[in-house]
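# Report on the structure
The chain contents come next:
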Amino acid sequence: MSQEEVAREAIKHALKALKKRHLVEEGAHAPAYIALSRPIISQGSEWKEKAENLELELQQCYKAQSRLSEQLVVEVAESRALKASLQEKETTIADLENEFTQTRDECSQLKTDLEENIRALELVMSERQELKAQLEQLTIKAKNAEAENKMLVDRWMLQKMQDAERLNEANALYEDMIERLKASGLEKLAREQVDGIVRRSEEGAEFFAESTIASVCKHRINAHEGGCASIMFEYNSGKLISGGQDRSIKMWDTSTGSLSHSLFGCLGSVLDLAITHDNRFIIAASSSNNLFVWDVNSGRVRHTLTGHTDKVCAVDVSKVSSRHVVSAAYDRTIKVWDLQKGYCTTTIIFHSNCNALCFSTDGQTICSGHVDGNLRLWDIQTGKLLSEVAAHSLAITSISLSRNGNVILTSGRDNLHNLFDIRSLEVCGTFRANGNRVASNWSRSCMSPDDNHIAAGSADGSIYIWSISKADIVSTLKEHTAPVLCCTWSGLGKPLASADKNGIVCTWT
Amino acid sequence: MRKAIQKRMEAKKYVWEGAIPLQIHLHESQVTTLPPPPPSLILAPRIGYLPLLVPLIKPHFSSTLPPGVDTIWFEYRGLPLKCQNQPPNGGFFCCRYIPTGVLFDLLCAEPERPWNITVHFRGYPGNVLIPCDGEDSVKWSFINSLKEAAYIINGNCKNVMNMSQSDQLELWHSVMNGNLEAYLRVSSKLKLATIEDEYTSLCSSKSQQGSGETDFTGQVKTGRVPVRLYVWSISEDFDDLEDLSQVDSWEKISYINRPIEIHKEGKCFTLHDAMKSLLPEFFSDESLSDSKLARVDFEDAQKIPSEDVSSNKVVEDQGQNAYEHREACCISSSAEIKLIRIQGIEPKLEIPFSWLVNNLLNPDHFLHICVCVKVPQ
């Protein structure tokens, strides 16, 4: 065998050996090793645990994720809502801005308007001031004109009243003349023909006494110190009762002119007197705001009537019951007292003070004369004003009733004396005299019992007497030296008594 | 033509793809878990090195290790595995790593597949072993081996030293990954002359008769081949490889690092010739002229015709290779080479050495030869 062949054989052999080795070594084992080299799950349980743990974690993560996604949804919704609201707010802001600019313009506009208005207002104000001044002037002018007017009207009224009075007078004269004519005619007729019933006597005719016209001063009595403001006669008697400044009441016998009684107890000067119909009680109105009631027989004060808060200037007692006393004081009241009960039953308040009082014959009505010149009638039960009439232009100073109770005589500071019909309150007559000046606010005048004469005192100390029928002065009595404060006619017809400021009482027959 | 190239590359491919199935057991002293960890099964490339396998082995066992510092070492049937050979007087060429395939061929007379070795992480036998450091030291060893080879072949190692860093790395990586193409690409730049070998082409194609191969006295360069020889000495005869007793000590293994010089005058330089030049004491009455060798069938583990080793031939040392050399004197006539293994195969002695050189070289350009010799007491 050649060397070459040997060599070739050896090489072949070597190659075969390599192949065999390959097959046996890596050829056989490589697949298994590669397969085994893959990650072996040797630690199965550990991995399982790990896997489970991871699963749990994953679940938790999922949960957390879901929660987060929920939250996210909520947040997104919120944010959307916020965006929407933000948008709204922005639009509102834009609107508000617009509004604002508008209002600003308006405002500036208004400012200019306001300034204009203010200027106009100022102008108007100045005008107004001027007008106000003018108005004031005109008002003053008007007032003056009014006052003038009023005054003129008053004067005119006065004139009218005077005219009326004159007319009344004329009428009265005329009527009087007619009456006289009638009377004379009737006399004639009566003389010619007396037929039928001739009335012999009037009721109360026994008491009738023709009153003489007093002319002579019978007595001159120094009755009171300081002045005598009130005198009166007892009913149908000649006893004169006087009350004066010296707080005493004296009873005089006018036939003799001597003092028969004295009543004391009054605490102030006596301003007015009244006597009951049965001549048992004398009531005095005192300046000490009281009224005192004396029992004449015993001479003791029976009652003291308190209640007035100012001086009592007038008093009268009912002619019917002698139980009711009416008093007027300068506290603008008129009080009605019940002597049996002992207290004031009615109080009438009137703005004008009453100077004089008088009961009507039936004792139901009071006549009062007031400072304002009005005559008023009051109902005693209710205290209500029944009627009033302007009697005088100045204050009334005296009221007295005629014997028949139909006519009221009033005297006033206007120096007039009027007669009023009690029912109609019409003036029946007016009397005056030239020298006759009413002395004081409470100068009392009186009527004769035959209702035909009027006597009134004067400030010059004389007493004037008028005849109603003649409507003229009948006589003038001069005796007093001081102003005559009051006069009174006896129920018997004579005498006539008068008292003056010095306290002197004169009786006249 | 392609097929011819394939055929030519066939043997090289086998060499590069060769891998030993390893079954690595953790030593029981270091098992801390129950059940004990299964052995790590790894295919170790023949041309690779055991320390490079550590990154694969360690994770497999790391969970069961006792606490402490690890130093890895391997052991086969009690014998700690030397990863490196250690020339006794140090010198320029220090420790060189032994390829895995060589270890296997050397230590397993009867190849054990898979190869059951034991890994230790503790208890390093510092008196026996040098520590296997890691990939870097292996790489440097490889490069230095290349330099050595270049020196032997060319007389200088300039070509290796002038290799760029990237080329070095690429070369090393091609070795680590078993990438033959990359290796050939880079190493061709090195111009490490290969021995012209007409036989490879001869075997591959019979049709190429006319390429003048009949002329054996062709222009074969006279060159030197780097060789590392591992000699396992045994004392007794054996019939079967399995009967061989275990290598129980490194004393029994000697390492010879000596190049073979090929000088031909006409005839083919065979393996036999190479071995004679390396271990002349085992080839006593052989003349250097060519002689016909009886075909020996190594597969049947026949006895190698005993050589007379009476004549001492001093084998020339090329270079400063220090090797352990058994004294040729006083060797009885019964000393004989029992076994020659290269790359896991036992080639016939007649095989042209040039073929071996061209096909069975390790990447470090060395031919690693394992020899089992019987040395009489």
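About the thresholds
- Chains are numbered independently. Their residues run from 1 in the order of the written sequence.
- Chains carry letters from A onward and ligands carry numbers from 1 onward, assigned in written order.
- In keeping with the predicted nature of the model, local features appear solely for residues at pLDDT of at least 70, side-chain atom pairs appear and are counted solely at 80 or more, and the whole-chain, interface and lining totals rest on all residues.
- Processing note: side-chain calculations cover all non-hydrogen atoms of the structure and skip hydrogens and water entirely.
- UniProt positions are given in the numbering used here, feature names are shortened, and annotations may be inferred rather than shown by experiment.
- Segments assigned H or I by DSSP are reported as helices when at least four residues long, segments assigned E as strands when at least two residues long, and all are numbered from the N terminus.
- Here's how the labels work: a residue is buried when its accessible area is under 20% of the maximum for its type, exposed when over 50%, partly exposed in between, all with a 1.4 Å probe on protein chains only.
- Throughout, a contact is declared for two residues whenever any of their heavy atoms are within 4.5 Å.
- All accessibility values rest on the Shrake-Rupley procedure with a 1.4 Å probe; residue burial counts only the protein chains present in the view.
- When two parts are put together, the accessible area they lose, computed with a 1.4 Å probe and summed over both, is reported as buried area.
- Whenever Lys or Arg places a side-chain nitrogen within 4 Å of a carboxyl oxygen from Asp or Glu, that contact is recorded as a salt bridge.
- Only the contacting stretch of a helix is used when fitting its axis, a line to C-alpha atoms as for every element, and angles between N-to-C directions run 0 to 180 degrees.
- Should an angle lie under 35 degrees it is considered roughly parallel, over 145 roughly antiparallel, and from 65 to 115 roughly perpendicular; all remaining angles are considered oblique.
- Crossings are classed by handedness, with left-handed meaning an anticlockwise turn of the near helix from the far one by less than a right angle and right-handed meaning a clockwise turn.
- Each residue gets one label: Ala, Val, Leu, Ile, Met, Phe, Trp, Tyr, Cys and Pro are nonpolar, Asp, Glu, Lys and Arg are charged, and the others, such as Gly, are polar.
- Between any two strands, pairing holds if DSSP finds at least two bridges.
- Aromatic pairing here means that ring centres of Phe, Tyr or Trp (its six-membered ring) are within 6.5 Å. Orientation follows from the plane angle: under 30 degrees is stacked, over 60 is edge-to-face, and everything else is tilted.
- Only when the NZ atom of a Lys or the CZ atom of an Arg is both within 6 Å of the ring centre and within 35 degrees of the ring normal do we say a charge sits over the ring.
- What is meant by a nonpolar core is a set of buried Ala, Val, Leu, Ile, Met, Phe, Trp, Tyr and Cys residues, joined one to another through side-chain atoms within 4.5 Å.

Looking at an unreviewed UniProt entry, chain B carries the name Autophagy protein 5, with the source organism given as Theobroma cacao. The record in UniProt for chain B states the following under Sequence similarities (unreviewed entry): "Belongs to the ATG5 family."

As annotated in an unreviewed UniProt entry, chain A carries the name Autophagy-related protein 16 and is attributed to Theobroma cacao.

When helices and strands are counted, chain B shows 10 helices and 13 strands. Every one of the 377 residues in chain B was classed for burial, and the buried ones make up 54%. A separation threshold of at least 6 residues defines the contact pool for chain B, and within that pool the share at least 24 residues apart is 76%. Only carbon and sulfur atoms are counted for the fraction: they give 51% of the accessible area of chain B, which is about 16,900 Å².

So, about the interface of chain A and chain B. Every contact between the two is made by 26 residues of chain A and, on the other side, 41 residues of chain B. Here chain A and chain B share an interface that buries about 3,100 Å² over both sides, 68% of which is from carbon and sulfur atoms. Of all residues in chain A, Ile11(A), Arg21(A) and Tyr33(A) give up the largest surface area on contact with chain B, accounting jointly for 21% of the area buried on that side. Our count for the contact surface shared by chain A and chain B stands at 2 salt bridges.

What follows covers the UniProt feature "repeat: WD" (unreviewed entry) in chain A. All names here are of chain A. Feature annotation in UniProt places "repeat: WD" (unreviewed entry) on residues 221-262, 263-304, 305-347, 356-388, 389-424, 448-476 and 477-509, given in this structure's numbering. Structurally, residues 448-476 comprises 0% helix and 55% strand, and the distance from its first C-alpha atom to its last is 15 Å. Between the end C-alpha atoms of residues 477-509 there is a gap of 11 Å, over a span that is 0% helix and 55% strand.

On to the packing of helix α6 (residues 165-177) of chain B against helix α7 (residues 180-190) of chain B, then. All names here are of chain B. Axis separation between α6 and α7 bottoms out at 8 Å; the angle between their running directions is 140°. Accordingly, the angle class assigned to the pair α6 and α7 is oblique. When the axes of α6 and α7 are compared, the crossing they make is left-handed. Note on element contacts: α7 touches α6 through Ala182, Tyr183, Arg185, Val186, Ser187, Lys189 and Leu190, opposite Asp167, Glu170, Leu171, Ser174 and Val175. In terms of residue class, the contact of α6 with α7 is built from 6 nonpolar, 2 polar and 4 charged.

Residues and elements named next belong to chain A. Read across the sheet, 4 strands follow the order β6-β7-β8-β9 without closing on themselves; strand pairing throughout is antiparallel. Strands with a single pairing partner mark the edges of an open sheet, and in this sheet they are β6 (270-275) and β9 (301-305). The sheet shows a mean angle of 20° between the axes of neighbouring strands, direction not considered. In terms of strand pairing, β6 meets strand β7 (residues 281-286) through 5 bridges, oriented antiparallel. Within β7, the position partnered with Val270 by the bridge is Ser286.

Turning next to the environment of Gly461(A). Residue and element names in this part refer to chain A. By secondary structure assignment, the location of Gly461 is in the loop between β23 (453-457) and β24 (462-467). The spatial distance from the C-alpha of Gly461 to the C-alpha of His480 is 4.7 Å, given a sequence separation of 19 residues. Dropping the residues within four chain positions of it, Gly461 is found in contact with Leu477, Glu479, His480, Ala482, Pro483 and Val484.

Turning our eyes to something else, we now look at the sheet that holds strand β2 (residues 40-45) of chain B. Hydrogen bonds between backbone atoms are what pair the strands of a sheet, whose relative direction is either parallel or antiparallel. All names here are of chain B. With mixed pairing, 5 strands are arranged side by side in an open sheet as β2-β1-β7-β3-β4. The two strands at the open ends of the sheet, each matched to only one other strand, are β2 and β4 (79-80). Summarising the sheet, strand β3 (residues 73-76) and strand β7 (residues 115-120) pair through 3 bridges and their orientation is antiparallel. When the sheet's bridge partners are listed, Trp73 is paired in β7 with His120.

With the rule as written, the count across this model stands at 23 salt bridges over all chains. When the shortest N-O distance is used, the salt bridge between Glu170(B) and Arg185(B) registers 3.0 Å. Taken together, the positions of Glu170(B) in helix α6 and Arg185(B) in helix α7 put the pair 15 residues apart, joining distant regions of the chain. Put simply, Arg341(B) and Glu346(B) hold a salt bridge, and the shortest N to O gap is 3.1 Å. Judged by its relative accessible area of 3%, Arg341(B) falls in the buried class. It is possible to trace a salt-bridge network through shared partners that takes in Arg21(A), Glu25(A), Arg46(B), Asp105(B) and Arg113(B).

Turning to the packing of aromatic side chains, a few remarks are in order. Inspection of the entire model under this criterion finds 12 aromatic pairs over all chains. Three or more aromatic residues link up through ring pairs in this structure, and these residues are Phe431(A), Tyr464(A) and Trp466(A). Above the plane of the ring of Tyr330(A) lies Lys311(A), whose end atom (NZ or CZ) is 5.0 Å from the centre. It is Lys139(B) that lies over the ring of Trp140(B); its NZ or CZ is 5.4 Å from the centre.

A separate point is the nonpolar core. Judged by nonpolar contacts, the single largest core of 103 residues is most densely connected at Leu107(B), Trp115(B), Met275(B), Leu279(B) and Phe353(B). Here Phe353(B) is in contact with Val225(B), Val227(B), Ile260(B), Ile262(B), Phe269(B), Thr270(B), Leu271(B), Ala274(B) and Leu367(B), once residues within four sequence places are set aside.

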